Amino acid sequence: MQNQDDINQKLADMVASLTPQEGFTASALDYVHFMRSDRAYSRTPVMYEPCICIIVQGRKRAYLGDAMLVYDARQYLVVSAPMPFEADTEASSEQPMLGIHVGIQQTLAAELALAVEEAQIAQPASMNGGTSAAAAFMYATQVDDTLAQAVLRLLQALASPLEAKILAPAIVREIYFRILMGEQGAAMRAALSQGSHFQKITRALRKIHEGYSDKLDVDSLARESGMSLPAFHLHFKQVTSTTPIQYIKAMRLHKARLLMIRSGMNAYTASNSVGYESSSQFSREFKRLFGRSPLEEVRQMRTALRMHEGAGLN
């Protein structure tokens, strides 16, 4: 039986071989990517899609409200809904940060969550040694032996085109299952369970995510979620650590940043594309969030922050 250190070294060696340069490297599965950073990055705003982030070397920290979550070779991060937060990275050229980003396929994850609930398997509901309920949609927890072995088999399968096609999807399904059955699986199941307030907030987050450029009305979001306005505000802040208005603003600003970096849009066009009517208001709010003007941020991102393309900026 391999010990944890041996497995961690194998995982790091495999990811290093699959990521020849900094940034995100696509795999044979369009929802699985490999990550590499050869330098440290200070705390910066990011937006993650629903994902499982498994670091095999180096360390990242996520900051959500008052919570600080560490994910490294011993702790993985789960994000169950589109979530703006801040993150930093510990890495160097001698010891790069290496990891695997597995997107959460909502239909498959919900199907597995339902199967676990129907089996009436009790799982601990505690949130990471006392972490507040604000982290219910985002939490870090220990990588156990069964999960580490599944991740190793996934990497081995993704190294072969045939195995990637035939075996890798089933191994991803197993990884979802291991997490749903893990120490904090109840938090992920709650986010996926129909009828729970987590699921209702998830629907609102998806609507914002898909319609960020539209005129979004908080009263309408509350009604569509089946909640009173006060209850909607309460539960929204519990699971995102921010208000609906602040979340919408963060979503629009992150999307605008992506448009400027990836599509070459100027600030005026990008601000209009994400729903801002005032370019001066957009510039003020952009600088407040990112600490730089849109032009300065785009220059910086293009030259130094390739690491945050993909999961970190989606």
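Our structure's up above, just so we're on the same page.
Residues numbered from 1 in each chain as written. Predicted model: local features only at pLDDT ≥ 70, side-chain atom pairs only at ≥ 80, totals over all residues. Heavy atoms only, no water.

A. Highlighting the overall build of the chain. Counting its secondary structure elements, the chain contains 13 helices and 10 strands. Each of the 314 residues in the chain was classed as buried or not, and the buried ones make up 54%. A fraction of 72% describes how many contacts in the chain between residues 6 or more apart in sequence connect residues 24 or more apart. For the chain, the accessible area works out to roughly 13800 Å², and carbon and sulfur atoms hold 50% of it. (Helix = DSSP H or I, 4+ residues; strand = E, 2+ residues; numbered from the N terminus. Buried < 20%, exposed > 50% of the residue type's maximum accessible area, 1.4 Å probe, protein only. Contact = heavy atoms within 4.5 Å. Areas by Shrake-Rupley, 256 points an atom, 1.4 Å probe, with all protein chains shown as cover.)

B. Local environment of helix H1 (residues 4-18). For H1, spanning 15 residues, the distance from its first C-alpha to its last is 21 Å, which sits close to the expected 21 Å at 1.5 Å a residue. Considering only its buried residues, H1 is in contact with strand E1 (23-26), strand E2 (32-37), strand E4 (51-57), strand E9 (97-103) and helix H3 (145-158). (Expected span 1.5 Å × (residues − 1).)

C. Examining the side chain of His-235 more closely. On the secondary structure map, His-235 appears in helix H9 (residues 229-240). There is a polar contact of 3.1 Å between the side chain of His-235 and the side chain of Gln-238. Apart from residues lying up to four places away in sequence, His-235 is in contact with His-197, Ile-201 and Met-227. (Polar contact = N/O pair within 3.5 Å; in protein donor to acceptor, adjacent residues only side chain to side chain.)

D. Structural view of the pairing of strand E5 (residues 59-64). The element E5 is largely enclosed, with a buried count of five among its six residues. As judged from the six bridges shared by E5 and strand E6 (residues 67-72), these two strands associate in the antiparallel manner. Bridge pairing in E6 places Ala-62 opposite Leu-69. Connecting E5 to the next strand, E6, in antiparallel fashion are two residues, including Gly-65 with a positive phi near 60 degrees. Pairing of E5 with strand E8 (residues 83-90), which is carried by five bridges, proceeds in the antiparallel orientation. Residue pairing across strands places Ala-62 opposite Ala-87, the latter belonging to E8. (Pairing = 2+ DSSP bridges.)

E. A look at the nonpolar core. Within the largest apolar cluster, 53 residues are counted, with the highest numbers of intra-cluster contacts made by Leu-77, Phe-85, Phe-137, Met-138 and Phe-232. Excluding anything up to four places from it in sequence, Phe-137 contacts Val-78, Val-79, Ser-80, Ala-81, Met-83, Ala-191, Phe-198, Ile-201, Thr-202, Leu-205 and Val-239. Counting residues in each nonpolar core, the second largest holds 45 residues, with Val-15, Leu-98, Tyr-139 and Ala-148 among its members. (Core = buried A, V, L, I, M, F, W, Y, C linked by side-chain atoms within 4.5 Å.)

F. Structural detail: the state of the cysteines. One pass over the full model with this rule turns up zero disulfides. In this model Cys-53 remains outside any disulfide bridge; the closest cysteine sulfur is found in Cys-51, 5.8 Å from its own. (Disulfide = S-S within 2.5 Å.)

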